[in-house]
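Take a look at the letters that make up each chain.
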Amino acid sequence: MNIFTPLKKILNNIQQHFVVYVQSIVFLRVIQIAVALPAISYLFLQILKVTGLSSITENTLFEVFRHPLGIFALTLLAIIVIFFIYYEQAYYFILAFFQRTGEPYDFKKIIRKLNRKARFFLSLQSLLFLLYFLLILPIASIGMSPGLAKNLYIPHFIIEELVKFPGGLQVYVASLILVFYLSLRLLYAVPFFVLEENMTILQGVKKSWIMTRRKTIRNISYLAVIILGYGLAMAALSFLILLPLFAVERWVPTAAPMMAGLTLTTLQLVLFLSFGILQAILADTLLGLAYPELNTLERRTEENKSLFPVMFSRGLYLIAAGMFVFTVIGNTVSVTKILYQPSTQIIAHRGYTAEGVENTIGALRAAKNANADYVEMDILQTKDRQFVVIHDTNLERLAGRNENVSDLTLAELQEIEVSANGFTDKIPSLEEYIAVAKEIDMKLVIEIKYHGNESEDMEQLLVELLQKEGVAQDYLVQSLEERAIAKVKEVDPDITTGYLVALNIGNLPQTSADFVVIEEFSLNQRLIDQARDAGKGIGVWTVNQEQIIRRALRLNVDGLITNEPSRAYGLRAAFNQEQTFVQRVQDLLE
């Protein structure tokens, strides 16, 4: 069968029932905002209350499991999240099924069919669904991703660190291929589970595995056509919506602010609805692939005018119209705010590693040429209680030698060559590194690393070295370990210290440090506001993608740790009040 024929029928069906789909999209969003998110937030706050934590980080995660009530609340929270992910995925399959079979339906009937499977989420079946969902995440992320799961992805820094190791890129690519293959084999599990009365999640997974055998290429073809078509359609539609703003800004500049607010709101509305439509298209397509017999049925030609009673629908339309007007006003205010150049400091991560080996003198000098404000570098203590500038506790990755830093003296380490990306350099001592930093007038962010064999007075020795070099008040000292910060502060309270957080869920983590550096995966406006209220600085790491760099600059964080200091410097320099309204709208959409 021609791949475009069933897709054309699906698009015609959505057009005929457009009102039903709009109502469905809005309903699911309301459920998420009014029910799911408040329930999740409440339970999470209870976990923090029981454990006495301000937030859950990589260092405090296991504290939750020491409290029975914390474990109970966490289990309940997981069940709620899994259930609402199921709700959003399954809804469109049921709607498509009713429309394909011609069976009469309304809002209550869809919900009743959804709720019949609720009992499975109060058993170990819920864990199977969670595992299933994680396995289909590569495909879920391109269309079937529910609102509750839209931010589920592997933090960028984990991937970036993995591919640096020998064979790391191959492992990463192989893992992606494996997970993508598994996700293709489990594509039909949800429709089977939802539509077949007594089927369990596990049975749905098994049946999907059998039914997708030798159909991988066909399924990829359908998904590729849908995603490519969606991308092209959204690009064209976005351009058409922005076109009037181009004209107004050029010919009637006084009307540009209001036009920009209207354009931004329209684009937000279109993106909101289009994502729901994409979910519906994918669900209808997968339903036809899972149940080929449904493709032979004639779809109902009469339109379902509404899922809800007429008076209720009219009330919803009035509320939606009011929200649209207020959003236009709010967006107009947002786009007309003067955008001053951010004060964010650009911090080169381990130097400029595109032009030198990380944590070496070459990368330090390259960072200066790339216009970085600071260079972040790592230190470890040597066998003879000196300090060397290096990240890894073992020399295998950069030097090809299976030796530990803690087993070698400073003199031995300084003779070792390290290589990466076609560059070769020597491992520098901290004193050598500081000497060059002074020479080129580059401030440092010194990150304390541990290998487990440090001397008890390691932090004191570090502070004494910084004081001897006359840089204790100029350089910043940070660590992933709160104990490091506390010891540095104990020796010299005037040193500016920072606490690095790889994962943060909840409020700003409690720390004695002067600033907090949040991994970009966890950064949000609330944490920035809390840091400001607490009189602490806040930074973000490791930010390399242009879109994420621009977001950090818009938030005006105090420091931005990046492998791309030259790009970050250029983006910061261009970030000013001369931006056009079209550019401001595009920025606010990111």
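What counts, and where the lines are drawn
Residues numbered from 1 in each chain as written. Predicted model: local features only at pLDDT ≥ 70, side-chain atom pairs only at ≥ 80, totals over all residues. Heavy atoms only, no water. Helix = DSSP H or I, 4+ residues; strand = E, 2+ residues; numbered from the N terminus. Rg over C-alpha atoms; globule rule 2.2 N^0.38 Å. Buried < 20%, exposed > 50% of the residue type's maximum accessible area, 1.4 Å probe, protein only. Contact = heavy atoms within 4.5 Å. Lys, Arg positive; Asp, Glu negative; His and termini not counted. Charge placed at Lys NZ, Arg CZ, Asp CG, Glu CD. Core = buried A, V, L, I, M, F, W, Y, C linked by side-chain atoms within 4.5 Å. Phe/Tyr/Trp six-rings, centres within 6.5 Å; stacked < 30°, edge-to-face > 60°. Lys NZ or Arg CZ within 6 Å of the ring centre and 35° of its normal. Pairing = 2+ DSSP bridges. Right-handed = clockwise from strand over helix to strand, strands pointing away. pLDDT = per-residue confidence, 0-100. Salt bridge = Lys/Arg side-chain N within 4 Å of Asp/Glu carboxyl O. Patch = residues over 30% accessible without salt bridge, like charges linked within 9 Å, V, L, I, M, F, W, Y side chains within 5 Å. Areas by Shrake-Rupley, 256 points an atom, 1.4 Å probe, with all protein chains shown as cover.

Some thoughts on the overall build of the chain
Alright, step 1. When its secondary structure is counted, the chain shows 23 helices and 13 strands.
Alright, step 2. Its C-alpha radius of gyration of 28 Å places the chain within 12% of the 25 Å reference for a compact globule of 590 residues.
Alright, step 3. With respect to the principal axes defined by its C-alpha atoms, the chain has extents near 85 × 60 × 50 Å.
Alright, step 4. Relative to its 590 residues, the chain shows a buried fraction of 49%.
Alright, step 5. Look at the contacts in the chain between residues 6 or more apart in sequence, and 67% of them connect residues 24 or more apart.
Alright, step 6. Placing the 52 positive and 57 negative side-chain charges of the chain at their respective mean positions leaves the two points 15 Å apart.

What about the nonpolar core?
Alright, step 1. If you look at the biggest cluster of nonpolar residues, it comprises 59 residues, and the most contacted ones within it are Tyr86, Tyr91, Tyr92, Ile110, Leu114, Phe129 and Val194.
Alright, step 2. Only helix 1 (4-16), helix 2 (18-51), helix 3 (68-101), helix 4 (107-115), helix 5 (125-135), helix 9 (189-195), helix 11 (216-251) and helix 12 (256-290) provide two or more residues apiece to this core.
Alright, step 3. For this core, the leading source of residues is helix 3, giving 13 residues.
Alright, step 4. Tyrosine 86 has contacts with Lys113, Leu114, Lys117, Phe121, Phe129, Phe193 and Val194, leaving out every residue within four places of it along the chain.
Alright, step 5. In terms of nonpolar packing, the next biggest core, distinct from the first, is built from 36 residues, Ile434, Val463, Val471 and Tyr475 among them.

Regarding the packing of aromatic side chains
Alright, step 1. In this structure the tally under the stated criterion is 16 aromatic pairs.
Alright, step 2. Ring centres of phenylalanine 83 and tyrosine 86 lie 5.9 Å apart, and the angle between their planes is 45°; on these two criteria the pair is classed as tilted. With phenylalanine 83 and tyrosine 86 both in helix 3 and three residues apart, this pair spans about one turn of that helix.
Alright, step 3. With centroids separated by 5.1 Å and ring planes inclined at 50°, the aromatic side chains of phenylalanine 83 and tyrosine 87 adopt a geometry described as tilted. Placement of the pair is phenylalanine 83 and tyrosine 87 together in helix 3, with a separation of four residues, close to one helical turn.
Alright, step 4. Taken together, Phe83, Phe84, Tyr86, Tyr87, Phe120 and Phe193 form an aromatic cluster joined through their ring pairs.
Alright, step 5. A cation over a ring is seen here: lysine 207 above phenylalanine 192, with NZ or CZ 4.6 Å from the ring centre.
Alright, step 6. Sitting above the plane of the phenylalanine 581 ring, arginine 584 keeps its charged end 5.3 Å from the centroid.

Some remarks on the side chain of asparagine 219
Alright, step 1. Secondary-structure assignment places asparagine 219 in helix 11.
Alright, step 2. Here asparagine 219 is in contact with Leu184, Leu187, Tyr188, Thr212 and Leu289, once residues within four sequence places are set aside.

Quick look at the pairing of strand 2 (residues 345-349)
Alright, step 1. Of all five residues in strand 2, four are buried, a share of seventy percent or more.
Alright, step 2. Here strand 2 pairs with strand 13 (residues 559-562) via four bridges, running parallel. Among the inter-strand pairings, alanine 348 is bridged to a residue of strand 13, identified as threonine 562.
Alright, step 3. Taken together, strand 2, helix 14 (residues 361-369) and strand 3 (residues 374-381) constitute a β-α-β crossover, and its handedness is right-handed.

Notes on the confidence of the model for the chain
Alright, step 1. Averaged over all residues, the pLDDT of the chain equals 87, while 91% of them reach at least 70.
Alright, step 2. Of all secondary-structure elements in the chain, the lowest mean pLDDT belongs to helix 6 (residues 137-144), at 51, while strand 7 (residues 443-448) reaches the highest, 98.
Alright, step 3. In the model, residues 143-147 has pLDDT below 50 throughout and makes 21 contacts with residues more than four positions away in sequence or in other chains.

Observations regarding the pairing of strand 13
One face of the sheet, then the other: side chains in a regular strand alternate in exactly this way.
Alright, step 1. Of the two faces of strand 13, the one holding Gly559 and Ile561 and the one holding Leu560 and Thr562 are both buried throughout.
Alright, step 2. Pairing analysis gives two bridges linking strand 12 (residues 537-541) to strand 13, with the strands arranged parallel. Each bridged residue has a counterpart across the sheet, and for valine 540 the counterpart in strand 13 is leucine 560.
Alright, step 3. Note that the unit made of strand 12, helix 21 (residues 546-555) and strand 13 has a crossover that is right-handed.

What to know about the side chain of threonine 212
Alright, step 1. Note on placement: threonine 212 falls in the loop between helix 10 (201-211) and helix 11.
Alright, step 2. Threonine 212 has contacts with Leu184, Arg185, Tyr188 and Asn219, leaving out every residue within four places of it along the chain.

A short note on the pattern of salt bridges
When charged atoms on two side chains of opposite charge get close, those side chains can pair.
Alright, step 1. Applying the stated criterion to the full structure yields 19 salt bridges.
Alright, step 2. Lysine 487 serves as the salt-bridge partner of glutamate 459, at 4.0 Å between the closest nitrogen and oxygen. Separated by 28 residues along the polypeptide, glutamate 459 in helix 18 (residues 458-469) and lysine 487 in helix 19 (residues 482-491) bring together distant segments of the chain.
Alright, step 3. Across the pair arginine 483 and glutamate 481 runs a salt bridge whose closest N-O atoms are separated by 3.6 Å.
Alright, step 4. Looking at glutamate 481, the relative accessible area reads 31%, which means it is partly exposed.
Alright, step 5. Via salt bridges that share partners, Arg350, Glu358, Asp378, Asp392 and Arg397 belong to a single interconnected network.

Quick word on a nonpolar patch on the surface
Alright, step 1. Together, Val19, Leu316, Tyr317, Ile319 and Met323 give the surface a local cluster of nonpolar side chains, amounting to about 460 Å² of exposed area.
Alright, step 2. For the nonpolar patch, the leading source of residues is helix 13 (residues 310-336), giving four residues.
Alright, step 3. Note that valine 19 resides in helix 2.
Alright, step 4. The exposure class of valine 19 is partly exposed, given its relative accessible area of 34%.

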